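Architecture at a glance
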Amino acid sequence: MGRVDKNTNNIIFEGDFEESDLGFALAAFHNLTSKRGYLSIVLDFSKTVKAFAPDILPFCIYIRDQLHRGIDTTLILPSDAKTSRLFKNANWANLMDPRQFPKSDVTTHLHLPAQLYKTGEGQHKAVDDTIQILLSSMKNLTRNQLAALEWAVNEITDNVLNHAESSVGGVMQVTARSKGQIVEFVVCDAGVSIPKTLRNAHTDIT
């Protein structure tokens, strides 16, 4: 578990950015912008050692949504060279600070950088790119298995467009691990949340 601190309009991340740190990071950003009124936030990851897509990508899409709403952010990359490259190559840096960091095009047979999509065309491209990762990394997939995976990824990413009401759309990242035997999909958005979308039909949801 890492550590999340605030100093004036700076949010400082130390150690490993893990799932348990996400809530603290979101709360810190909300406190500085909504309660203290800062319109410019520095995201200081210089002391971050490790980060993984399922933990940090929700924070990235939240920050991109805040940029869309007029909150300015400046990203300080990790001092660790390997982690710094990951932030840039995985597209996390671009999501949080697009003016300073260009979009990454570092795509391999084992890795698809975080892709923003806001339209059906963008969503279909993200799904197609994902299937290419599957075909390249998982050599023993049957046709039925591939069809099932394609349906699942398409359904999940399409739900973002149909239900999330996210002003910046959704984001997806794909990483193959264990020599292609495990493929990790991360899909998230900055929308209204699943409970709210379900509440119209199920009023008992609190």
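Heads up: the structure comes first, above all this text.
Rules used throughout
- Residues numbered from 1 in each chain as written.
- Predicted model: local features only at pLDDT ≥ 70, side-chain atom pairs only at ≥ 80, totals over all residues.
- Heavy atoms only, no water.
- Helix = DSSP H or I, 4+ residues; strand = E, 2+ residues; numbered from the N terminus.
- Rg over C-alpha atoms; globule rule 2.2 N^0.38 Å.
- Buried < 20%, exposed > 50% of the residue type's maximum accessible area, 1.4 Å probe, protein only.
- Contact = heavy atoms within 4.5 Å.
- Areas by Shrake-Rupley, 256 points an atom, 1.4 Å probe, with all protein chains shown as cover.
- Lys, Arg positive; Asp, Glu negative; His and termini not counted.
- Charge placed at Lys NZ, Arg CZ, Asp CG, Glu CD.
- 1 Å grid on protein atoms, 1.4 Å probe; cavity = no way out; pocket = protein on both sides within 12 Å on 5 of 7 lines; lining within 4 Å.
- Points joined across faces, edges and corners; volume = space filled by probe spheres on them.
- Nonpolar A, V, L, I, M, F, W, Y, C, P; charged D, E, K, R; others polar.
- Pairing = 2+ DSSP bridges.
- Axes fitted to C-alpha atoms, helices over the stretch in contact; angles between N-to-C directions.
- Core = buried A, V, L, I, M, F, W, Y, C linked by side-chain atoms within 4.5 Å.
- Patch = residues over 30% accessible without salt bridge, like charges linked within 9 Å, V, L, I, M, F, W, Y side chains within 5 Å.
- Salt bridge = Lys/Arg side-chain N within 4 Å of Asp/Glu carboxyl O.
- Parallel < 35°, antiparallel > 145°, perpendicular 65-115°, else oblique.
- Left-handed = near helix turned anticlockwise from the far one by under 90°.

Once that is clear, we can look at the overall build of the chain. Secondary structure assignment for the chain yields seven helices and seven strands. For a compact globule of 206 residues, the expected C-alpha radius of gyration is about 17 Å, and the chain comes in at 18 Å, within 12% of that figure. For the chain, the spread of C-alpha atoms along the principal axes amounts to about 55 × 50 × 30 Å. Residue burial in the chain is summarised as follows: out of 206 residues, 42% are buried. Of all intrachain contacts in the chain linking residues separated by at least 6 positions in sequence, the fraction that spans at least 24 positions is 64%. By element, 52% of the accessible surface of the chain is carried by carbon and sulfur atoms, the whole surface being about 11200 Å². Taken as two groups, the 21 positive and 23 negative side-chain charges of the chain have centres that lie 4 Å from each other.

The next thing to look at is empty space enclosed by the protein. In the structure shown here, the tally under the stated rule is one cavity of 30 Å³ or more. There is about 30 Å³ of room inside the largest cavity. In this structure, the largest cavity is lined by Gly 2, Arg 3, Val 4, Phe 13, Glu 14, Gly 15, Asp 16, Phe 17, Asp 21 and Thr 48. Mapped onto the lining of the largest cavity, the elements with two or more residues apiece are strand 1 (3-7) and strand 2 (10-17). Partitioning the lining of the largest cavity into residue classes produces three nonpolar, three polar and four charged.

Within the open sheet, the three strands sit side by side as 5-6-7. Their pairing is antiparallel. The open sheet has two edge strands with one neighbour each: strand 5 (111-117) and strand 7 (182-189). Across the sheet, the mean angle from the axis of one strand to that of its neighbour is 10°, orientation sign disregarded. Summarising the sheet, strand 5 and strand 6 (residues 170-177) pair through five bridges and their orientation is antiparallel. Bridge pairing in strand 6 links Tyr 117 to Gly 170. This element, helix 5 (residues 120-137), spans strand 5, strand 6 and strand 7 of the sheet and lies at about 170° to strand 5.

This next bit is on the side chain of Gln 66. Relative to the helices and strands, Gln 66 is located in helix 2 (residues 53-68). Those residues in contact with Gln 66, other than ones at most four positions away along the chain, are Phe 29 and Ile 71.

Okay, the nonpolar core next. Counting 36 residues, the largest nonpolar core has Leu 43, Phe 45, Phe 59, Trp 92 and Met 96 as its most contacted members. Listed by contribution, the elements that provide at least two residues to this core are strand 2, helix 1 (19-35), strand 3 (40-51), helix 2, helix 4 (92-96) and strand 7. With seven residues, the single largest contributor to this core is helix 2. In this structure, Ile 133, Val 160, Met 172 and Ala 176 belong to the second largest nonpolar core, which totals 16 residues.

Let us look at the layout of surface pockets. Here the largest pocket is characterised by a volume of approximately 460 Å³. Around the largest pocket, the lining is made up of 21 residues, and of these Ala 51, Phe 52, Lys 82, Leu 86 and Trp 92 lie nearest the centre. Secondary-structure elements contributing two or more residues to the lining of the largest pocket are strand 3, helix 3 (81-89) and strand 6. Per-element accounting of the lining of the largest pocket gives the leading share, five residues, to helix 3. Roughly 360 Å³ of volume is contained in the second largest pocket.

Quick look at a positive patch on the surface now. Taken together, Lys 50, Lys 82, Arg 85 and Lys 88 make up a surface patch of like positive charges. Broken down by element, the residue count for the positive patch peaks at three residues, all from helix 3. As for its position among the elements, Lys 82 is in helix 3.

Once that is clear, we can look at the packing of helix 1 against helix 2. Their axes nearest at 8 Å, the elements helix 1 and helix 2 cross at an angle of 15°. The angle between helix 1 and helix 2 falls in the class roughly parallel. The handedness of the crossing between helix 1 and helix 2 is right-handed. Where helix 1 abuts helix 2, its residues Glu 19, Leu 22, Ala 25, Leu 26, Phe 29 and His 30 lie against Asp 55, Pro 58, Phe 59, Tyr 62, Ile 63 and Gln 66. Residue classes in the contact of helix 1 with helix 2 are distributed as eight nonpolar, two polar and two charged.

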